[in-house]
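What the coordinates show
Listed below are the residues making up each chain.
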There are 2 protein chains.
Amino acid sequence: VEARGIHHVGVAVVDLDEAVRTYERLFGGRLEHRARVDAQGVEAASIRVGDDRIELLAALGDDTPVGKFLAKRGPGMHHVAYEVDDVRAAAADLAAGGAELIDSEPRQGMFGLEVAFVHPESVHGVLSEVVSSG
Amino acid sequence: VEARGIHHVGVAVVDLDEAVRTYERLFGGRLEHRARVDAQGVEAASIRVGDDRIELLAALGDDTPVGKFLAKRGPGMHHVAYEVDDVRAAAADLAAGGAELIDSEPRQGMFGLEVAFVHPESVHGVLSEVVSSG
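Residues numbered from 1 in each chain as written. Chains lettered and ligands numbered in written order. Predicted model: local features only at pLDDT ≥ 70, side-chain atom pairs only at ≥ 80, totals over all residues. Heavy atoms only, no water.

**As for the environment of Ala19 of chain A**
Residue and element names in this part refer to chain A.
- Along the chain, the position of Ala19 falls in helix 1 (residues 16-27).
- Overall, Ala19 belongs to the buried group, its relative accessible area being 0%.
- Put simply, Ala19 and Ser46 are 27 residues apart on the chain and 11 Å apart in space, counted from C-alpha to C-alpha. (Helix = DSSP H or I, 4+ residues; strand = E, 2+ residues; numbered from the N terminus. Buried < 20%, exposed > 50% of the residue type's maximum accessible area, 1.4 Å probe, protein only.)

See the structure below:
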């Protein structure tokens, strides 16, 4: 995949309101979107820093993926998302390159984005995502 | 601090050669710099992905900061670096904003950059860096 760049860095947090304020105060972040996504068990906030983005993720319950991550590792960096032209083509390329995909089919992510996740075992411990804004 | 954007995402790895190849193969990354920095106990490679960067960090020994991180958490995401105009002014702003700095004075980072680190406790578990290319 020829990624266009890093679309966002995903960060798991306990208190979303407080985390948004921290990124605003410390790094001049600006809240771009905020949404509760029950299907994924998260409430998420996209923070712009310059042309880049931090995606803050708070768990809606302990038994969600982000809830389990928080219980195991505590708050912190969760994933890196790469912007691609076409998520379906990117997922096929990644599989052909030997990567294990969590989503073999693109799925609807947050904020209207199309996404697919790559298993961290395939990227030296980094949960990685390809994303297209359409 | 009004950060200009994300300068790089730092990732701790076990095998630097293999990790560079993985980012080239999976995401179209291009090796920008590579250097061994004995003072910091790392060998580092800066990978461009579009206009963005992944900074891969391999430990030169178990008793280095990255070596201890790898022993405790395994390979994975290590820090987020924000580009600022002036690291000294940014560090003063961050301290005034209540952040605990690891480096109260800017120091020489890798690849000729001036850097200061912010304690993860001040940023919801994310080790954060401010960096200036000069």
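Following the structure, the description resumes.
**Here we look at the interface of chain A and chain B**
- Listed per partner, the contact involves 43 residues of chain A and 43 residues of chain B.
- Of the roughly 3,400 Å² buried between chain A and chain B on both sides combined, carbon and sulfur atoms contribute 64%.
- Contact with chain B buries area across many residues of chain A, yet Phe27, Met77 and His124 of chain A alone supply 23% of it, more than any other trio.
- Linking chain A with chain B are zero salt bridges, by the criterion used here.
- The interface formed by chain A and chain B contains 13 residue pairs in polar contact (both at pLDDT 80 or more).
- Looking at the side of chain A that touches chain B, the elements with two or more residues in it are strand 1 (5-13), helix 1, strand 4 (52-59), strand 5 (76-83) and strand 8 (128-132) of chain A.
- If one sorts the elements of the side of chain A that touches chain B by residue count, helix 1 of chain A sits on top with seven residues.
- Grouping the amino acids of the side of chain A that touches chain B by side-chain chemistry returns 22 nonpolar, twelve polar and nine charged. (Contact = heavy atoms within 4.5 Å. Buried area = accessible area lost by both parts, 1.4 Å probe. Salt bridge = Lys/Arg side-chain N within 4 Å of Asp/Glu carboxyl O. Polar contact = N/O pair within 3.5 Å; in protein donor to acceptor, adjacent residues only side chain to side chain. Nonpolar A, V, L, I, M, F, W, Y, C, P; charged D, E, K, R; others polar.)

**Regarding a positive patch on the surface**
- Among the surface-exposed residues, Lys72 and Arg73 of chain A together with Lys72 and Arg73 of chain B lie close enough to one another that they form a single positively charged patch.
- Taken together, the elements giving at least two residues each to the positive patch come down to helix 2 (65-73) of chain A together with helix 2 (65-73) of chain B.
- With respect to the element layout, Lys72 of chain A can be found in helix 2.
- Judged by relative accessible area, Lys72 of chain A falls into the exposed class, the value being 73%. (Patch = residues over 30% accessible without salt bridge, like charges linked within 9 Å, V, L, I, M, F, W, Y side chains within 5 Å. Areas by Shrake-Rupley, 256 points an atom, 1.4 Å probe, with all protein chains shown as cover. Lys, Arg positive; Asp, Glu negative; His and termini not counted. Charge placed at Lys NZ, Arg CZ, Asp CG, Glu CD.)

**Examining the confidence of the model for chain A**
- Chain-level statistics for chain A give a pLDDT mean of 95 and a share of 99% at 70 or above.
- The ipTM assigned to the predicted complex is 0.95, against a pTM of 0.96. (pLDDT = per-residue confidence, 0-100.)

**Re the relation of the copies chain A and chain B**
- Superposing chain A onto chain B takes a rotation of 180 degrees combined with a translation of 0.0 Å along the rotation axis, leaving an RMSD of 0.0 Å. Such values leave the two copies arranged in the relation of a two-fold axis. Ranked by how close their C-alpha atoms come to the rotation axis, the residues of chain A are headed by Met77 of chain A, at 3.2 Å.
- Interface overlap between copies is the fraction of interface residues in one copy that are interface residues in the other; for chain A against chain B it reaches 100%, indicating a shared surface. (Least-squares fit on C-alpha atoms with pLDDT ≥ 70 in both.)

**So, the sheet that holds strand 8 of chain A**
All names here are of chain A.
- Reading across the sheet, the eight strands line up as 2-3-4-1-5-8-7-6 and stay open at both edges, with mixed pairing between neighbours. Only two strands of the sheet have a single partner each, and these edge strands are strand 2 (30-37) and strand 6 (107-108).
- Summarising the sheet, strand 3 (residues 42-49) and strand 4 pair through eight bridges and their orientation is antiparallel. Residue pairing across strands places Val42 opposite Ala59, the latter belonging to strand 4.
- Each of strand 1, strand 2, strand 3 and strand 4 touches helix 1; the most contacted strand, strand 3, lies at about 5 degrees to it.
- Where helix 3 (residues 87-96) meets the sheet, it contacts strand 7 (114-118) and strand 8, and its direction lies at approximately 150 degrees from that of strand 8. (Pairing = 2+ DSSP bridges. Axes fitted to C-alpha atoms, helices over the stretch in contact; angles between N-to-C directions.)

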